[in-house]
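Each chain, letter by letter, is given below.
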Amino acid sequence: MRQTLIVANWKMYKTLAEAEEFMERFTGEIAGVSGIETVICAPFISLARLSVLMERTTLLLGAQNMHWQKEGAFTGEISPLMLRDLGIKYVIIGHSERRLHFNESNLLIKRKVASAFNFGLIPILCVGENWEQHSSQETEKVIKEQLFSALEGFTLENEFMTKMVLAYEPVWAIGTGTAARGEEANAVAGFMRSLLQEKWGGISEKVRILYGGSVNADNITEFTGKEDLDGALVGGSSLNVETFAGLLKAVFNERRA
Ligand code: PEP
């Protein structure tokens, strides 16, 4: 049984004071919600403070990116060792905004995934097609290429292969207000499981797959209620306490119904 996972991606939003204010109110707001693994991927500058504020909660902390090296002369970068040292569990890798705006290649993403595994961080590996690829029915081709290149060479001996999280994030749905349909996202998640099965057999039923792209409190259960999806990666709707808490409550209530 795969546990439901909801991951907030705050992107480049919130000052430290705003992050603190969010956390102070959010924990009270979701007091009645349980059984949903919830991760907050905050900007680097807030991680140290949030790790303290989240100590007595069930919330987990994630980063949105990292360098693949342990340390070195890489001005402006943050290393996996620094993240692990803060007690961070998850790290988003290969988000489409990083692929697009920072030219992150499949090779770079593979290095980061390998590094996350080495440092005991769980990668949330994002894959997804853009609108042009979607319109020309290339979704499966793109997903296969992104997934296999990021995971090339890893074997089942690596315990992190089953712990890793995959996120299907169609680029055309991110931040646009137009989410994929639940059925559509579930079909792609099913295809991703078939790719895992093809290369790594048994892990295909263990790895959690999220959907990401304009998820909100009104449409979240369209995704969490599907066979091959285990939760969501949430950008815009995770920035506001009431909105994000509402989304978690919707999942919680669906579970109880
Ligand atoms: C994201 O940042 O991964 C994302 C899915 O954003 P949004 O929910 O705003 O579409």
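Refer to the structure printed above.
Everything numeric here is computed off the predicted structure, so don't read it as measured data.

**Q** For helix H7 (residues 139-151), give the residues involved together with the corresponding values.
**A** The first and last C-alpha atoms of H7 sit 18 Å apart over 13 residues, in line with the 18 Å expected at 1.5 Å per residue. Among the residues of H7, those classed as buried are Thr139, Val142, Ile143, Gln146, Leu147, Phe148, Ser149, Ala150 and Leu151. On its buried face, H7 sits against helix H4 (96-101), helix H5 (106-118), strand E5 (122-127), helix H6 (131-135), strand E6 (165-168) and helix H9 (182-200).

**Q** Which residues make up the packing of aromatic side chains, and what values go with them?
**A** In total, this model carries eight aromatic pairs according to the counting rule given. Arranged with centres 5.4 Å apart and planes meeting at 15 degrees, the rings of phenylalanine 26 and phenylalanine 244 form a pair that is stacked. With phenylalanine 26 in helix H1 (residues 16-29) and phenylalanine 244 in helix H11 (residues 241-256), this residue pair connects regions lying 218 residues apart in the sequence. Exposure class is identical for phenylalanine 26 and phenylalanine 244. Each is buried. Ring plane angle 75 degrees and centroid distance 6.1 Å describe the contact between phenylalanine 148 and tryptophan 200, whose orientation is recorded as edge-to-face. Note that phenylalanine 148 is positioned in helix H7 and tryptophan 200 in helix H9, a separation of 52 residues in sequence. Both residues of the pair, phenylalanine 148 and tryptophan 200, belong to the buried class. Site record: aromatic cluster; members linked through ring pairs are Trp10, Phe22, Phe26 and Phe244.

**Q** Talk me through the pattern of salt bridges; I want residue IDs and the actual numbers.
**A** Within the structure shown, the criterion is met by 16 salt bridges. Residues arginine 193 and aspartate 228 are paired through a salt bridge, measuring 3.1 Å at the closest nitrogen-oxygen approach. Placement of arginine 193 in helix H9 and of aspartate 228 in the loop between helix H10 (220-224) and strand E8 (231-234) is noted, with a sequence separation of 35 residues between them. The burial state of arginine 193 is the same as that of aspartate 228; both residues are buried. Arginine 255 serves as the salt-bridge partner of glutamate 254, at 3.1 Å between the closest nitrogen and oxygen. Residues joined by salt bridges that share partners form a network here, namely Arg2, Arg193, Glu205, Asp228 and Asp230.

**Q** Quick one: what's the story with the pairing of E8, residue by residue and with numbers?
**A** The alternating pattern of E8 places Gly231 and Leu233 on one face and Ala232 and Val234 on the opposite face, and all of these are buried. Summarising the sheet, strand E1 (residues 5-9) and E8 pair through four bridges and their orientation is parallel. By the bridge assignment for E8, valine 7 is matched with leucine 233. Bridge analysis of strand E7 (residues 208-212) against E8 gives three bridges, and the strand direction is parallel. Note on E8: the bridge partner recorded for tyrosine 211 is alanine 232.

**Q** Outline the site of the ligand, listing residues and values.
**A** Around the ligand, 14 residues are found, and the nearest of them are Lys11, Glu169, Gly175, Ser214 and Gly235. One nitrogen or oxygen atom from the main chain of glycine 175 is found 2.6 Å from an oxygen atom belonging to the ligand. Within the backbone of glycine 236, a nitrogen or oxygen atom sits 2.8 Å from an oxygen atom of the ligand. If the ligand stood free it would expose 290 Å²; the protein chains cover 96% of that surface. Taken together, the residues of the shell around the ligand sort by class into four nonpolar, eight polar and two charged.

The rules behind each value
- Residues numbered from 1 in each chain as written.
- Predicted model: local features only at pLDDT ≥ 70, side-chain atom pairs only at ≥ 80, totals over all residues.
- Heavy atoms only, no water.
- Helix = DSSP H or I, 4+ residues; strand = E, 2+ residues; numbered from the N terminus.
- Expected span 1.5 Å × (residues − 1).
- Buried < 20%, exposed > 50% of the residue type's maximum accessible area, 1.4 Å probe, protein only.
- Contact = heavy atoms within 4.5 Å.
- Phe/Tyr/Trp six-rings, centres within 6.5 Å; stacked < 30°, edge-to-face > 60°.
- Salt bridge = Lys/Arg side-chain N within 4 Å of Asp/Glu carboxyl O.
- Pairing = 2+ DSSP bridges.
- Near = heavy atom within 4 Å.
- Polar contact = N/O pair within 3.5 Å; in protein donor to acceptor, adjacent residues only side chain to side chain.
- Areas by Shrake-Rupley, 256 points an atom, 1.4 Å probe, with all protein chains shown as cover.
- Nonpolar A, V, L, I, M, F, W, Y, C, P; charged D, E, K, R; others polar.

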